[in-house]
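Tertiary structure, described
Given next are the chains, with one letter for each unit.
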Amino acid sequence: MLLQGTLDVLVLKALLWGPRHGYAVADWIRATTDDALKVEDGALYTSLHRMEKRKWLESEWGVSENNRRAKYYRLTELGRGQLRREARDWTSYAEAVFKVLRAEGPGAVPVGSEAGS
Amino acid sequence: MRRFEGIRRVFRLGLAGGDSDRDVDRELAFHFEAAVEALMARGMSESEARAEARRRFGDEAEYRRELRRLARDRDRRWRAWESLRGVGWALRDAVRGIRRAPALAVAMVAVMSLGVGANATMFGILDRIFLRPPAHVEDPDEVRRVFVHRRDFNGRMFISSHHTYPDYLDWRGVEAFEETAAYSARELTVGHGAAAESRNVTFATGSFFPLLGARPALGRFFTPEEDRLGGERVAVLGHGYWRGQYGGEPSAVGSTIDVGEATYTVIGVAPEGFTGVGLGPVDIFLPFQVAGEVQNGLGWVDSRGWYWFEVVARLAEGANPELATAAATTVHRAARADDENYDAEARVELASLILARTGQAADEARVVPWLMGVAVLVLLLTCANVGNLLLARAIQRRRETAVRLALGTSRGRLIGSVVAESMVLALLGGVAAVAIAVWGGDLVRSFLLPEIAWSGATTARVMLFSAAVAIGAGLLAGVFPALRSGRSDVAETLKSQSRGSSRGRSRMQSGLLVFQAAVSVVLLVGTSLFVLSLDRARAVDLGYDPASALYVGIEPEGEYPEAEGMVRLYQEARERVAALPGVEAAAITTSAPFRSSRSIDGVRTPGMDSLPRTGAGSAYINTVTGGYFEAMGLRILRGRGLTDADDTESAPHVAVVNETFAELVWPDEDPLGQCLLVQEAPCATIVGVVENSRRYGLVEDPSMKYYLPLAKSPYAWPPNRLVIRTADPEALAPTVRRSIVDAVPGVRLVSTQPFAEVVGPRYRSWELGAALFGAFGLLALLVAALGLYSVLAFDIAQRRRELGIRSALGAGRRRIVSGVLGDGLRLAGIGVAVGLAAAAVAAPRIEPLLFQIEPRDPLVLAMVAVTLLVVAALASGVPAWRATRVDPREALEAD
């Protein structure tokens, strides 16, 4: 299972290049991550609706590629800002984790030196 | 963004609750279709694809539930937001409408402000008199006035608000009363010498202020300990008097003031607007026992026949008012048990502090609710008027309305914008109305109801009231046009290439015009009745000439001398005053009309043991010096008046009688030379007959009067007043006071009062009715005329095309004019008929307030009808004239 906030970032990112309907979002995420994240489509819709309520997204009924009525979502300014923030946080988080994983040997930073300075 | 919103609206507006669910279902249905399609495109069979899509989705039922919940939630919020935005739209439409026709808006605001203002003004007055207890009374509901219902000697029931001192002491013992206080209001002369004035003074027990719960503005009130016989002479000033006479200086406390027959030390100032229990202003409060002894001696202390106190009581906490009433009644009856003449069934009433609720309200107060009703009529009228103007515009815009409806604007929004427009107008009018209420209220109060202390600020309540009335009026005025907008038939309107060529006026508009005319008629009938009442009351021959008589009262220095001493004092004053330039006559009288009158036993003629009685009682005696009839402006009808030569001990006995006296006593004989026997005195020869005159009021039966020279008074009566005849009593008064104080030794103070001021209050209720009915009536007429004019003018503007065609076809100007005029007059005529019928039904109810006029006086009704029709003709004349000026070519090319 994926953390809720993480799923939101993925969905926001999926909408960055323009309005998409729910299936297209699911499809894009699956294709982009090579289905590594195993997101349930239902969770994705929940995320879409929740973000619509928060006004990060807005929706409209439109016509799909093969002429069927579909509900399209698009980013609002609020959503765009949210995406920027989340992306920044994620990147620095990932970098931090990455640094830890790449560490070579213990004690690069003496324990307690911060308290002494 | 706009487009987006629009699409949303089409799909979402007005969807019922279940539809957000369907939205979710549709969205998911699309998802599954798309997923299955995509999977099949990669080579799966349909059933495999379905299974895979479901697997990828997760727990479908659970997610669907969750999504529906979210959607419903969002929907609710969205609806709330939408309705809020609806108000915004309505206001925006309203402002746009107003800006499109600013002159019309100004007119409507003006009309509204007059209507609301009239109501606010009347409410301010009604509020003070009928709705609120006197100012500065704590927990007024617990404070009661004590009245006694009992039969008088003739067996007639009456309500006595005045009681004796022992009665008051009895009630002090009632346990249900936490505190009891007595007070007595009167006018006393205040100050010394030429500056002396008559002022409203209240004697109050020491318990008075604590009972009411008032706190002094300055210094302190007198205490129950100070209120005892022979106590310290202290006084509390009324706030208004303190500000007026002492300039609001704190140093007033500690100074001394001469009130009546003694000098008092000022110890405090009452709070602003404090009037005790009544509504009239009080200038000075004095301790009851101290001032009572100074002014009236000690007789009242144990007399059960001296009714001069009013009593208030505060109910003890938790006391049952009915039980308290019963207890007070029991005490009262027990104390009077020995008195056979006293009504054994007498019962106490514990009445509200609000005077008008006690059934003892004066005529002026009784006029007020009528005037409030009139103000409400005026308001309805203004609502009808504004409603009509809005309606006219709604009709003008019906094409626009139809287009908007066709484009999907909801009727709700259309109605909302019309109501919002009338609300905005009404609220603007409400603001102006407060200004009118403040100004108009001042005017009414100071000129028409001066006996009431108004300083207790009512402004906040008046403002709240105005706001409420303005909102109500806005809704009311908006209802008619709103209904109209809401009903307009889209297809019909769009199909007809009308563009204002059809008859523009709706039935509703005509109805409103008729209503306006009818209300105007009712108000004008009321106005006429009051104006004629006042006119007739003024025309009543009092006998006297109030405009040129001045009353002068003299107070001696120190102890009051015997009657002869007072006569001497008055005689000296009379000599001084008679010498003043501008004084045409001066005389002394022992009873002054409208102040006092007396009758005595033992009056007869040689042929009659006792005199006949009239509806006004037996014959009234007055003893006067020479010049009395001249001074009061009474005409001598036969013979001569009394002279100073008659007014000596040694002169022969003579008398003058009035018309009624002469007619009743000597119906068939010449009254001159007849003999009048007054008690033991020898025959007084009748030397003259004087015209009839009133004793107290305008509505009284003619009374028999006879006049004797002062020196021949059967009892040693002190003079009551010195009466002066002069062209301008008001202007001469200061000179009179000064000349007497300066020249006559032994005079402490002189008070003066133009006779017109004595008589004035008797006309007040008619003045009030005439002035306000008049103001409202004119207002109504104006508004109705404006309404008729604007609707007709609007009509003409709408019918330009038609009129153009008609005039192109050769219709004469005359026909066009008579068409429009006839139209206006027809509406006014129906209104007049309805109004007259309503007036005929309503008018008899105000009969008790009228004076010598039939409430259905045909002349009045006819006059009003004619007035209204003339005004209607004028109001339709202008649009009619304009109709003839329509240029056919221009009109036809216009659209």
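Not measured: the values here are computed from a predicted model.

What follows is about the overall build of chain B. In terms of regular secondary structure, chain B is built from 26 helices and 22 strands. Counting every position in chain B, which comprises 895 residues, the buried fraction comes to 53%. Once local pairs closer than 6 in sequence are excluded, the contacts in chain B between residues at least 24 apart make up 81%. Surface accessibility of chain B: about 40000 Å² in total, with carbon and sulfur atoms responsible for 55%.

Across the contact, 28 residues belong to chain A and 30 residues belong to chain B. The contact between chain A and chain B buries some 2900 Å² in all, and 54% of this surface belongs to carbon and sulfur atoms. Among the residues of chain A in contact with chain B, Tyr 23, Lys 53 and Trp 61 of chain A are the three that bury the most area, contributing 26% of the side total. Linking chain A with chain B are five salt bridges, by the criterion used here. Of the charged contacts, one joins Arg 68 of chain A and Glu 33 of chain B as a salt bridge, the two residues approaching to 2.8 Å between their closest N and O atoms. In this assembly, chain A and chain B are joined by 12 residue pairs in polar contact (both at pLDDT 80 or more). For the side of chain A that touches chain B, the secondary-structure elements that each account for two or more residues are helix H2 (22-32), helix H3 (41-53), strand S2 (57-63) and strand S3 (69-75) of chain A.

With that out of the way, let us pick up a negative patch on the surface. On the surface, a cluster of negative charge is made up of Asp 139, Asp 141, Glu 142, Glu 178 and Glu 317 of chain B. Along the chain, Glu 317 of chain B falls in the loop between strand S10 (310-315) and helix H10 (321-335).

So, about the nonpolar core. The biggest cluster of nonpolar side chains holds 112 residues, and the ones touching the most others in it are Phe 530, Tyr 628, Phe 755 and Leu 768 of chain B. Judged by nonpolar contacts, the second largest core, of 42 residues, contains Leu 188, Ala 252, Phe 288 and Val 311 of chain B.

This next bit is on the state of the cysteines. Residues and elements named next belong to chain B. As enumerated under the stated definition, the model contains one disulfide over all chains in all. Here Cys 675 is linked by a disulfide to Cys 683, with a sulfur-sulfur distance of 1.5 Å. The chirality of the disulfide connecting Cys 675 with Cys 683 is left-handed, given an S-S dihedral of about -115 degrees. The class for Cys 675 is buried, based on a relative accessible area of 12%. Cys 683 sits in the partly exposed class, given a relative accessible area of 37%.

Here we come to the packing of aromatic side chains. All names here are of chain B. Within the structure shown, the criterion is met by 40 aromatic pairs over all chains. Between Tyr 183 and Phe 208, the ring centres sit 5.5 Å apart and the planes meet at 50 degrees, which makes this aromatic pair tilted. Of this pair, Tyr 183 sits in strand S3 (residues 177-190) while Phe 208 sits in helix H7 (residues 208-212), placing them 25 residues apart in sequence. Here the two residues Tyr 183 and Phe 208 agree in accessibility, since each one is buried. Taking the centre distance of 5.3 Å and the plane angle of 75 degrees together, the rings of Phe 209 and Phe 222 count as edge-to-face. Linking Phe 209 in helix H7 with Phe 222 in the loop between strand S5 (218-219) and strand S6 (234-237), this pair joins segments that are 13 residues apart in sequence.

All right, on to the pattern of salt bridges then. For the structure on display, the rule yields 39 salt bridges over all chains. Taking the shortest distance from any N to any O, the salt bridge between Lys 53 of chain A and Asp 73 of chain B comes out at 2.6 Å. Of this pair, Lys 53 of chain A sits in helix H3 while Asp 73 of chain B sits in helix H4 (residues 60-100), placing the two residues on different chains. Overall, the relative accessible area of 22% leaves Lys 53 of chain A in the partly exposed class. The partner of Arg 304 of chain B in a salt bridge is Asp 167 of chain B, with the nearest N and O atoms 2.8 Å apart. Remark: Asp 167 of chain B occurs in helix H6 (residues 165-172) and Arg 304 of chain B occurs in the loop between helix H9 (288-296) and S10; sequence separation between them is 137 residues. Since its relative accessible area comes to 29%, Arg 304 of chain B is described here as partly exposed.

What follows covers empty space enclosed by the protein. Any empty space left between the atoms is revealed when a probe the size of a water molecule rolls over them. All names here are of chain B. Evaluated as defined, the whole model comprises eight cavities of 30 Å³ or more. By volume, the largest cavity amounts to about 220 Å³. Along its surface, the largest cavity is lined by 17 residues, and Arg 397, Arg 404, Ser 417, Val 418 and Glu 421 are the ones closest to its centre. Partitioned by chemical class, the residues of the lining of the largest cavity number six nonpolar, three polar and eight charged.

Walk down a regular strand and you will see the side chains alternate between the two sheet faces. All names here are of chain B. For strand S1 (residues 143-151), the tally of buried residues reaches eight of nine residues, placing the bulk of the element in the interior. Of the strand pairs in this sheet, S1 and S10 are connected by four bridges, and their pairing is antiparallel. Each residue of the ladder has a partner; that of Arg 144, found in S10, is Ala 313. When S1 meets strand S11 (residues 347-351), the two strands line up antiparallel, connected through five bridges. Its bridge partner being in S11, His 149 is matched across the sheet by Arg 347.

Moving on, we get to unusual backbone geometry. All names here are of chain A. At Lys 38, a position not held by glycine, the phi torsion is positive, near 55 degrees. Residue placement: Lys 38 occurs in the loop between H2 and H3. Here Lys 38 falls in the exposed class, since its relative accessible area comes to 63%. The phi torsion at Lys 55 lies on the positive side, around 70 degrees, for a residue other than glycine. Along the polypeptide, Lys 55 turns up in the loop between H3 and S2. On the basis of relative accessible area, Lys 55 is assigned to the exposed category, the value being 57%.

Turning to the confidence of the model for chain A, a few remarks are in order. All names here are of chain A. In the predicted model, chain A carries a mean pLDDT of 83, and the fraction of residues at 70 or more is 87%. Looking over chain A, one finds the lowest element-wise mean pLDDT in helix H5 (residues 113-116), namely 41, and the highest in strand S1 (residues 20-21), namely 92. Low pLDDT, under 50, characterises residues 110-117; the predicted model gives this stretch zero contacts beyond four residues in sequence or across chains.

What follows is about the confidence of the model for chain B. All names here are of chain B. Averaged over chain B, the pLDDT score is 84; the fraction of residues at 70 or greater is 92%. Averaged pLDDT values for the elements of chain B fall to 41 in helix H1 (residues 2-12) and rise to 96 in S6. Across residues 1-17, where pLDDT falls below 50, the model places 25 contacts with residues more than four positions away in sequence or in other chains. Predicted confidence is poor over residues 497-502, with pLDDT under 50, and the contacts of this stretch with residues over four places away or in other chains come to 11 contacts.

Below, the discussion takes up a nonpolar patch on the surface. Residue and element names in this part refer to chain A. A cluster of nonpolar side chains, Trp 90, Tyr 93, Val 97, Val 100 and Leu 101, forms an exposed patch at the surface whose accessible area comes to about 530 Å². By secondary structure assignment, the location of Val 97 is in helix H4 (residues 77-102). Look at Val 97 and you get partly exposed, because its relative accessible area is 35%.

Reading the values: the criteria
- The numbers attached to residues start from 1 for each chain and follow its sequence in the written order.
- Chain letters start at A and ligand numbers start at 1, both assigned in the order the entries are written.
- Only residues with pLDDT of at least 70 get local features here, since the model is predicted, and only at 80 or more are side-chain atom pairs given and counted; chain-wide, interface and lining totals rely on the full set of residues.
- Note: side-chain values were computed over all heavy atoms of the structure, leaving out hydrogens and water.
- Numbering goes from the N terminus for both helices and strands, where a helix is a DSSP run of H or I of at least four residues and a strand is a run of E of at least two.
- Each residue gets one of three labels from its accessible area relative to the maximum for its type: buried under 20%, exposed over 50%, partly exposed in between, using a 1.4 Å probe on protein chains only.
- Between two residues, a contact is recorded if the distance between any of their heavy atoms is within 4.5 Å.
- Each accessible area is a Shrake-Rupley estimate made with a 1.4 Å probe; only the visible protein chains count as cover when residues are assessed.
- A simple way to read buried area is as the amount of 1.4 Å-probe accessible surface that goes missing from two parts once joined, with both sides added.
- A carboxyl oxygen of Asp or Glu within 4 Å of a side-chain nitrogen of Lys or Arg is what we treat as a salt bridge.
- What qualifies as a polar contact is a pair of N or O atoms within 3.5 Å, subject to a donor-acceptor requirement within protein and to the restriction that residues adjacent in sequence count only when both atoms come from side chains.
- Patches in this entry comprise residues that are over 30% relatively accessible and not in a salt bridge; like charges within 9 Å are linked, as are nonpolar side chains (Val, Leu, Ile, Met, Phe, Trp, Tyr) within 5 Å.
- His is not counted, nor are the chain ends, whereas Lys and Arg count as positive and Asp and Glu as negative.
- Charged groups are reduced to one reference atom each: NZ for lysine, CZ for arginine, CG for aspartic acid, CD for glutamic acid.
- Here, nonpolar core refers to any group of buried Ala, Val, Leu, Ile, Met, Phe, Trp, Tyr and Cys residues whose side-chain atoms link them within 4.5 Å.
- Sulfur atoms of two cysteines make up a disulfide when they are within 2.5 Å.
- Ring pairs are drawn from Phe, Tyr and Trp, using the six-membered ring of Trp, whenever the two centres fall within 6.5 Å, and their geometry is named by plane angle: stacked under 30 degrees, edge-to-face over 60, tilted for the rest.
- We place a 1 Å grid over just the protein atoms. Points where a 1.4 Å probe fits but has no way out form a cavity, open points with protein on both sides within 12 Å along at least 5 of 7 lines form a pocket, and any residue with an atom within 4 Å of a point lines it.
- Grid points are joined across faces, edges and corners, and a volume is the space filled by probe spheres set on the points.
- When residues are sorted by character, Ala, Val, Leu, Ile, Met, Phe, Trp, Tyr, Cys and Pro go into the nonpolar class, Asp, Glu, Lys and Arg into the charged class, and all the rest, Gly among them, into the polar class.
- Only when DSSP finds a minimum of two bridges between them are two strands counted as paired.
- Per residue, pLDDT measures the predictor's confidence, with a range of 0 to 100.

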